[in-house]
Amino acid sequence: MTRNLLNCNMSQTFGSVGCLKFSCRFILSTNINIGGKLAAKHYTIRSNNFFFDTVVCDKGYSAYKAIHVGHSLNQKRLFFYSTLCMKEAILSGETDRYNGVWVDMTQNSLSEDDLTKVLLASLEAWKKDKIKAVWLLVPLSRGTVFSVSSKFGFQFHHAEGEKALLYLWMNTQQESRIPIFATHQVGVSGMAVRDDTKEVLVVKDKNRPFQLWKFPGGLSDLGEDIAATAEREVFEETGVKTEYQSVLAFRQQHKPPGAFGRSDLYVICRLKPLTYELNPCQEEIESCRWMSLEELKSEVQATSLTHIMAELVLHGLKHGFQQVDITSYQMASIYKGLKFHIFHRPFVAK
């Protein structure tokens, strides 16, 4: 005798299995997780005369064909037992606006064989649903996922900290439209300009192949505004406190040394010094000083970029910084709860 228990209305009563009825006295429930998501519940139900054991699949998961129930009559006790076949279980994930599926594998504890079956069934189901891309978020502790997913063509998109993001472009008839990760890094420097003396703060870095005068600066931290980066870097390298005024210029460079093959955006900001005493960082800075802009624009130990910036600031001091400044202000984003900064030259709206 074989029954499909998935057809039983077990949400209303555990006392009905096909045409058999009994009164429940004791129930045990165990969750079955796949890819960190609830896939099914394993129920063990005991009554005076019955021992009932089955698996009920959660929404989004299916059992292979039917859950088979074997039974035998022995000393007036009827035994039911069942197993969940992993072959047709489907990984649960979130669908994004581009019709891609994101699956968090943090809680995955499947064996290599079971994960292979589940991932194969999942990919087949997603293909039928015309899913364009599949993303797997995998912690380092789940090494099995890396080896199994690679067999299906998954590739690394990026890795950071203790997690890696894998992806698979599903449409084999179309070139992948997955964007590569982090095409640019963002560096920021600050020109701390003294309007009264027409001087600017410059530094020489330690451990550099060229000992050149430059403006203090460094890479922007994740989630850090450009203005905040400029103020922070100037203070860390020289001990001078400043206040952001504007963006003066930016440079784009491809494949600079030490950028891991990424391109580089370098933003140069104008800052107002709030203090003047120098306290250079002993680990990073060889020397620092206040240098006149007239001297800097022709300084031999400086780059052509530094020369141009010195002339630009001199022009601003003479004719007004409204002619050179790129100003910025904050606006509300179309994404709820988020804001952004917009940068442009000042203008008078008509």
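Reading guide: rules and limits
- Residues numbered from 1 in each chain as written.
- Predicted model: local features only at pLDDT ≥ 70, side-chain atom pairs only at ≥ 80, totals over all residues.
- Heavy atoms only, no water.
- Helix = DSSP H or I, 4+ residues; strand = E, 2+ residues; numbered from the N terminus.
- Buried < 20%, exposed > 50% of the residue type's maximum accessible area, 1.4 Å probe, protein only.
- Contact = heavy atoms within 4.5 Å.
- Areas by Shrake-Rupley, 256 points an atom, 1.4 Å probe, with all protein chains shown as cover.
- Patch = residues over 30% accessible without salt bridge, like charges linked within 9 Å, V, L, I, M, F, W, Y side chains within 5 Å.
- Salt bridge = Lys/Arg side-chain N within 4 Å of Asp/Glu carboxyl O.
- Phe/Tyr/Trp six-rings, centres within 6.5 Å; stacked < 30°, edge-to-face > 60°.
- Lys NZ or Arg CZ within 6 Å of the ring centre and 35° of its normal.
- Pairing = 2+ DSSP bridges.
- Expected span 1.5 Å × (residues − 1).
- Arc of directions from axis to C-beta.

J.: For this particular structure, what's the right way to read the overall build of the protein chain?
T.: When its secondary structure is counted, the protein chain shows 5 helices and 20 strands. When burial is assessed residue by residue, the protein chain has 37% of its 350 residues classed as buried. Residue pairs at least 24 apart in sequence account for 58% of intrachain contacts in the protein chain once pairs closer than 6 positions are excluded. As presented, the protein chain carries roughly 21200 Å² of accessible surface, and 52% of it is formed by carbon and sulfur atoms.

J.: How should a nonpolar patch on the surface be read in this particular structure?
T.: On the surface, Tyr329, Met331 and Phe340 cluster together into a nonpolar patch covering about 260 Å² of accessible area. Positionally, Phe340 belongs in strand E20 (residues 339-344).

J.: Help me understand the packing of aromatic side chains, please; the structure alone is not making it clear to me.
T.: The description of an aromatic ring pair uses the distance of the two centres, along with the angle that the planes make with each other. Applying the stated criterion to the full structure yields 4 aromatic pairs. Ring geometry for Trp102 versus Trp135: centroids 4.7 Å apart, planes at 10 degrees, classification stacked. Of this pair, Trp102 sits in strand E9 (residues 100-104) while Trp135 is found in strand E10 (residues 133-139), placing the two residues 33 residues apart along the sequence. A ring pair is formed by Trp135 and Tyr167, whose centres lie 5.9 Å apart and whose planes are at 40 degrees; its orientation type is tilted. Linking Trp135 in strand E10 with Tyr167 in strand E12 (residues 163-169), this pair joins segments that are 32 residues apart in sequence. An aromatic cluster of at least three residues, connected via ring pairs, comprises Trp102, Trp135 and Tyr167. One residue, Arg194, lies across the ring of Trp290, its end atom 5.6 Å from the ring centre. Here the guanidinium or amino end of Arg270 rests over the ring plane of Phe321, the centre of that ring lying 3.8 Å away.

J.: So what exactly am I meant to see when it comes to the side chain of Ser149 here?
T.: Checked against the element boundaries, Ser149 lands in helix H2 (residues 143-151). On the accessibility criterion, Ser149 (1% relative accessible area) is buried. Residues in contact with Ser149, not counting those within four places in the same chain, are Leu119, Leu136, Phe154 and Leu166.

J.: In this structure, what is going on with the environment of Glu283? I would like to understand it.
T.: Its location among the elements puts Glu283 in the loop between strand E17 (263-273) and strand E18 (285-292). Dropping the residues within four chain positions of it, Glu283 is found in contact with Lys206 and Asn207.

J.: Could you clarify how one ought to interpret the sheet that holds E10 in this entry?
T.: To summarise the sheet geometry, strands pair through backbone hydrogen bonds and adopt either a parallel or an antiparallel arrangement. Here we have 5 strands laid out as an open sheet, ordered E8-E9-E10-E12-E11, and mixed in their pairing. Here the strands that pair on one side only, and so sit at the sheet edges, are strand E8 (94-95) and strand E11 (155-160).

J.: Which parts of the structure should I look at to understand the environment of Lys127?
T.: Relative to the elements of secondary structure, Lys127 occurs in helix H1 (residues 112-128). Lys127 gets classed as exposed once you look at its relative accessible area, which sits at 64%. Each C-alpha atom of the pair Lys127 and Asn171 lies 8.5 Å from the other, and the pair is 44 residues apart in sequence.

J.: Is there a simple way to think about the side chain of Glu233 in this case?
T.: Mapped onto the secondary structure, Glu233 falls in helix H3 (residues 226-238). Relative accessible area serves as the criterion here: at 8%, Glu233 is assigned to the buried category. Excluding residues that lie within four positions of it along the chain, Glu233 makes contacts with Gly217, Gly218 and Leu219.

J.: Please explain the pairing of E11 as it appears in this structure.
T.: Regular strands place their side chains on alternate faces of the sheet. By the bridge criterion, 5 bridges tie E11 to E12 in an arrangement that is antiparallel. Its bridge partner lying in E12, Phe156 is registered against Leu166.

J.: I keep staring at H3 and nothing clicks. Help me out?
T.: Helical geometry: 3.6 residues make up each α-helical turn, so side chains three or four residues apart lie on a common side. For H3, which comprises 13 residues, the first-to-last C-alpha distance of 18 Å matches the rise-based estimate of 18 Å (1.5 Å per residue) to within 8%. Three or more residues of H3 are buried, namely Thr229, Ala230, Glu233, Val234, Glu237 and Thr238. Taken down its axis, H3 places every buried residue within 120 degrees of arc, on the same side. Close packing links the buried residues of H3 with strand E13 (184-194), strand E14 (199-205), strand E15 (217-219), strand E16 (242-253), E17 and E18. One or two residues past the end of H3 sits Gly239, with phi positive at roughly 85 degrees.

J.: Just checking my understanding: could you explain the pattern of salt bridges for this structure?
T.: If the charged atoms of two oppositely charged side chains come close together, the side chains can form a pair. Enumeration according to the criterion identifies 12 salt bridges in this entry. Here Arg232 makes a salt bridge to Glu224, at a shortest N to O gap of 2.8 Å. One salt-bridge network, in which partners are shared between bridges, spans Asp221, Glu224, Arg232, Glu233 and Glu236.

J.: Quick question: what am I supposed to make of the environment of Gly316 here?
T.: Mapped onto the secondary structure, Gly316 falls in helix H5 (residues 304-319). Other than its neighbours up to four places away in sequence, Gly316 contacts Phe321 and Val324.

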